[in-house]
Amino acid sequence: MAAHLSSGRVNLTALREAGRRELREFLDKCAGSKAIVWDEYLTGPFGLIAQYSLLKEHEVEKMFTLKPGRLPPADVKNIIFFVRPKLELMDIITDNVLREDRGRSPQRDFHILFVPRRSLLCEQWLKEQGVLGSFIHREQYSLDLIPFDGDLLSMESESAFKECYLESDQTSLYHAAKGLMTLQALYGTIPQIFGKGDCARHVANMMIRMKREFPGSQNSIFPVFDTLLLLDRNVDLLTPLATQLTYEGLIDEIYGIQNTYVKLPPEKFAPKKQGEGGKDLPTEPKKLQLNSAEELYAEIRDKNFNAVGSVLSKKAKIISAAFEERHHAKTVGEIKQFVSQLPHMQAARSSLANHTSIAELIKDITTSEDFFDNLTVEQEFMSGIDTDKVNNYIEDCIAQKHPLIKILRLVCLQSVCNSGLKQKVLDHYKREILQTYGYEHILTLNNLEKAGLLKPQTGGRNNYPTIRKTLRLWMDDVNEQNPNDISYVYSGYAPLSVRLAQLLARPGWRSIEEVLKMLPGPHFEERQQLPTGLQKKRQHGENRVTLVFFLGGVTYAEIAALRFLSQMEDGGTEYVIATTKLINGTTWIKSLMEKLEPAPF
């Protein structure tokens, strides 16, 4: 089932197993039949750790979504709430418990499992509501880093960026440090830690402190990772704002990938039957899982979208040739061999049909005039053209009332590519946005300013051109079909974050000391002592393994760029990616928007 987790240099199945073990132990504490009441946000991440079959083995008979009112009837002994420690959820739980029919027999036992940490505040709240005593087990389940793929881990903490940069709340950084300690317990101490940014500094400090406070955590496992690179999202605010141009990136931009699943419009996936016309088209969205367990997807997901079509047509020819083989099978042995290959061939054919449909859906959008105009403006900003004055295209989009998030992404992109906007330009944009979309968005604009995304230029200096030239962030001659540089993921722009990782591996950050000083937050290096006998002797030609941890979110295009570096012949480094959340420009800006209801008059 989880073969794709063990396909990379680091076998992430061990991390998933540790999570499953902890879950089983908790379920076994609640003896007898069980019903789980889920905080809806947790069902996706938990699905990556344990399938329903595992829960069933441990007597879980029913599952409900957490909502106010009376709990649905269930003939079980235990009701277990799986929730995040949020006060609004405690109100719903209180309502559920108080409405429980005390006269019923046998009585049902209540338990609560906080994910990822118990919260004193929540328990105090339940106590004040008079229901804390109803819970027999009150425990925590540390779902810190969830394996998404053979080289990808995420905490799926949706508000981590906002908490760190707007609310100065470091809870998610503590969880990141805890997750890294769990990782080191399973895969050995990471000898070298590099970092850039304030949050990175905090996480490194917490890790060092945790190691000091738990001397027993010094393990004798041979280290799998050579280096840990901690990167703050605000070191590179530009990358998530730009439209990703890889296959996986575009699926996420257009349809949104949630915990490796995507929901797509069903029309393209209806089985075509002879002579039935367009009858009975399915209305339910088509739900597909996307990960490297699917051969074809693993091959095309990180390619620039313009290179996907040729791969799909090549595959189609190979598959139809394979099916033609059946006519040449003469002997019993040959027929038997063909039949044994049939399931694999049919899976390949259905996978090809799905991805051809997805590619058609995406192409309808990428060939539209609006997509092209939007991309042209983005690329002009990223290559440093006209970033200091009001942009006509943005003004037109506001006048035509295009989606607000699209406008905010473009204005923030212009601001970041100009190290802030001139006050006059900034005021003009703000006024236009508030007058067109409503004054309730003033708090959102304030949040974007606080986060450094939309701000006035201070000191009158634009550092972006220097950063762009020194780090080679813009490449004019990009090869989308057979790339030779990471800039192919944005058709010209090389993600700053990934360039930093690339330069750290070779020749080292000393070569870019000046630029690092221009980027926010400190840069640092720490070494963790390894017990004697565990120092790594690298075999000739063996690659280093670096874990890159993005604090505040990472995009699929950045992941594709790091995978590209891992696969380079002379790269010498393989990357595993960890993050607080998988994001794209839309979900990221959304997480910073304030929902202020307009006045009722």
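Scroll up for the structure.
What counts and how
- Residues numbered from 1 in each chain as written.
- Predicted model: local features only at pLDDT ≥ 70, side-chain atom pairs only at ≥ 80, totals over all residues.
- Heavy atoms only, no water.
- Axes fitted to C-alpha atoms, helices over the stretch in contact; angles between N-to-C directions.
- Helix = DSSP H or I, 4+ residues; strand = E, 2+ residues; numbered from the N terminus.
- Parallel < 35°, antiparallel > 145°, perpendicular 65-115°, else oblique.
- Left-handed = near helix turned anticlockwise from the far one by under 90°.
- Contact = heavy atoms within 4.5 Å.
- Nonpolar A, V, L, I, M, F, W, Y, C, P; charged D, E, K, R; others polar.
- Pairing = 2+ DSSP bridges.
- Buried < 20%, exposed > 50% of the residue type's maximum accessible area, 1.4 Å probe, protein only.
- Salt bridge = Lys/Arg side-chain N within 4 Å of Asp/Glu carboxyl O.
- 1 Å grid on protein atoms, 1.4 Å probe; cavity = no way out; pocket = protein on both sides within 12 Å on 5 of 7 lines; lining within 4 Å.
- Points joined across faces, edges and corners; volume = space filled by probe spheres on them.
- Core = buried A, V, L, I, M, F, W, Y, C linked by side-chain atoms within 4.5 Å.
- Phe/Tyr/Trp six-rings, centres within 6.5 Å; stacked < 30°, edge-to-face > 60°.
- Lys NZ or Arg CZ within 6 Å of the ring centre and 35° of its normal.

Engineer: Help me out: how do you make sense of the packing of helix α15 (residues 392-399) against helix α17 (residues 423-437) in this one?
Structural biologist: When two helices pack together, their arrangement is captured by the angle between the axes and the distance separating the axes. Running from N to C, α15 and α17 cross one another at 15°; their axes reach a closest spacing of 10 Å. Taken together, the axes of α15 and α17 lie roughly parallel to each other. Here α15 runs over α17; the crossing is left-handed. Contacts between α15 and α17 involve I394, E395, C397 and I398 from the former and H428, Y429, E432, I433, T436 and Y437 from the latter. Grouping the constituent residues of the contact of α15 with α17 by class yields six nonpolar, two polar and two charged.

Engineer: Got a minute to help me understand the environment of D91 in this structure?
Structural biologist: Along the chain, D91 turns up in helix α4 (residues 87-98). For the pair D91 and T436, spaced 345 residues apart in the sequence, the C-alpha separation amounts to 37 Å.

Engineer: Could you clarify how one ought to interpret the sheet that holds strand β15 (residues 573-579) in this entry?
Structural biologist: Across a sheet, strands are paired by hydrogen bonds formed along the backbone, either parallel or antiparallel in direction. Strand order in the open sheet formed by seven strands is β6-β7-β15-β14-β9-β8-β13, and the pairing between neighbours is mixed. Where the open sheet ends on each side, the last strands, each with one partner, are β6 (146-149) and β13 (523-527). Direction aside, neighbouring strands of the sheet carry axes that sit 20° apart on average. For strand β8 (residues 192-196) and strand β9 (residues 227-232), the ladder comprises five bridges, and the chain directions are parallel. Considered in β9, the bridge of I193 is made with L228.

Engineer: Would you mind going over the environment of G333 with me for this structure?
Structural biologist: Looking at where G333 falls in the secondary structure, it is placed in helix α13 (residues 332-366). Residue G333 is classed as partly exposed on the basis of its relative accessible area of 47%. With 151 residues separating them along the chain, G333 and N484 place their C-alpha atoms 45 Å apart.

Engineer: Explain the sheet that holds strand β11 (residues 261-264) to me, please; I cannot follow it from the model alone.
Structural biologist: Spatial strand order, β10-β11-β12: three strands in an open sheet with antiparallel pairing. The open sheet terminates on both sides in strands that have one partner only, identified here as β10 (257-258) and β12 (286-289). In the sheet, β11 pairs with β12 via four bridges, with the strands oriented antiparallel. Residue pairing across strands places V262 opposite L288, the latter belonging to β12.

Engineer: Looking at this model, I keep getting lost on the pattern of salt bridges. Mind explaining?
Structural biologist: Opposite charge on two side chains lets them pair, provided their charged atoms get close. The full count for this structure, using the stated rule, is 35 salt bridges. Residues D95 and R99 are paired through a salt bridge, measuring 2.9 Å at the closest nitrogen-oxygen approach. Between R138 and E123 there is a salt bridge, and its shortest N-O distance comes to 3.3 Å. Placement of R138 in strand β5 (residues 135-140) and of E123 in helix α5 (residues 120-128) is noted, with a sequence separation of 15 residues between them. One network of salt bridges, in which partners are shared, links D149, D151, E248, R301, D302 and R563.

Engineer: What am I meant to see in the layout of surface pockets here?
Structural biologist: If you add up the space inside the largest pocket, you get close to 930 Å³. Lining the largest pocket are 40 residues, with E253, R409, N584, T586 and T587 sitting closest to its centre. Sorting the residues of the lining of the largest pocket by element identifies α6 (160-165), α10 (247-255), β10, α14 (369-382), α16 (404-416) and α23 (585-592) as the ones contributing at least two each. Here the residues of the lining of the largest pocket sort into 17 nonpolar, 13 polar and 10 charged.

Engineer: It is not clear to me how empty space enclosed by the protein should be interpreted in this structure. Could you clarify?
Structural biologist: Empty pockets left among the atoms are what a rolling probe the size of a water molecule brings to light. One pass over the full model with this rule turns up one cavity of 30 Å³ or more. The calculated volume of the largest cavity comes to roughly 80 Å³. Considering the residues around the largest cavity, the lining is formed by F148, D149, L152, E248, I257, T260, L290, N291, R301, Y556, R563 and L582. Elements with a minimum of two residues in the lining of the largest cavity: β6 and α22 (556-567). When the residues that make up the lining of the largest cavity are grouped by side-chain class, the tally is six nonpolar, two polar and four charged.

Engineer: I keep staring at the nonpolar core and nothing clicks. Help me out?
Structural biologist: Membership of the largest hydrophobic core comes to 166 residues, with the highest contact counts inside it found for F82, L230, L453, L500 and F549. Here this core gets nine residues from one element, more than from any other, and that element is α16.

Engineer: Is there a simple way to think about the packing of aromatic side chains in this case?
Structural biologist: Two aromatic rings, taken as a pair, are described by how far apart their centres are and by the angle between their planes. By the definition in use, this model includes 16 aromatic pairs. Judged by centre distance (6.4 Å) and plane angle (10°), the ring pair of Y247 and F305 falls under stacked. Of this pair, Y247 sits in helix α10 while F305 sits in the loop between α11 (295-300) and α12 (308-324); the two residues are 58 residues apart in sequence, bridging distant segments of the chain. Each member of the pair Y247 and F305 is classed as buried. The rings of F26, W38, F46, F82 and Y141 are connected pair by pair, giving a single aromatic cluster. The ring of F524 has R201 sitting right over it, with the charged end atom 4.1 Å from the ring centre. Sitting over the face of the ring of F323, R349 holds its NZ or CZ atom 4.1 Å from the ring centroid.

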